[in-house]
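Okay, here's what each chain looks like letter by letter:
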Amino acid sequence: MLMSSKGRPARLHYLPGTYRVLVPGDHVVCAVTHRPIPLSDLRYWSVERQEAYASAEASLEAERKA
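Rules and cut-offs
- Residues numbered from 1 in each chain as written.
- Predicted model: local features only at pLDDT ≥ 70, side-chain atom pairs only at ≥ 80, totals over all residues.
- Heavy atoms only, no water.
- Buried < 20%, exposed > 50% of the residue type's maximum accessible area, 1.4 Å probe, protein only.
- Helix = DSSP H or I, 4+ residues; strand = E, 2+ residues; numbered from the N terminus.
- Pairing = 2+ DSSP bridges.
- Salt bridge = Lys/Arg side-chain N within 4 Å of Asp/Glu carboxyl O.
- Core = buried A, V, L, I, M, F, W, Y, C linked by side-chain atoms within 4.5 Å.
- Contact = heavy atoms within 4.5 Å.

### Examining the pairing of strand β1 (residues 11-15)
Part 1 of the reasoning: Only one face of β1 is buried: it carries L12 and Y14, and the other face, with R11, H13 and L15, is open.
Part 2 of the reasoning: Between the end of β1 and the start of strand β2 (residues 18-23), which pair antiparallel, lie two residues, with G17 showing a positive phi angle near 80°.

### Observations concerning the pattern of salt bridges
Part 1 of the reasoning: In the structure shown here, the tally under the stated rule is three salt bridges.
Part 2 of the reasoning: The shortest N-O distance in the salt bridge between K65 and E61 comes to 3.2 Å. Linking K65 with E61, this pair stays in helix α1 (residues 56-65), spanning four residues, or about one helical turn.
Part 3 of the reasoning: Salt bridges linked by common partners bring R49, E51 and E63 together as one network.

### A short note on the nonpolar core
Part 1 of the reasoning: Counting 13 residues, the largest nonpolar core has L12, Y14, V28, I37, L39, L42 and A52 as its most contacted members.
Part 2 of the reasoning: The contacts of I37, once residues within four sequence positions are left out, are D26, H27, V28, V29, C30, L42, A52, Y53 and A54.

### Details of the pairing of β2
Part 1 of the reasoning: Two elements, β1 and β2, share five bridges in a ladder whose sense is antiparallel. Each residue of the ladder has a partner; that of L12, found in β2, is V21.

As structure tokens, then:
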């Protein structure tokens, strides 16, 4: 039986310029704001920290804290 990934968080492996889906889902959670990010809107992440960010500002905030 195939389960829908709609409404479920995905687990990704972040790579430079792309990512690989480890566990299917339709969103990831921003490491800074803790808000869901639809995979279709995912633009910012850290390869080193393996974290997703909702915006450039959230990415910069994470970089400053690191």
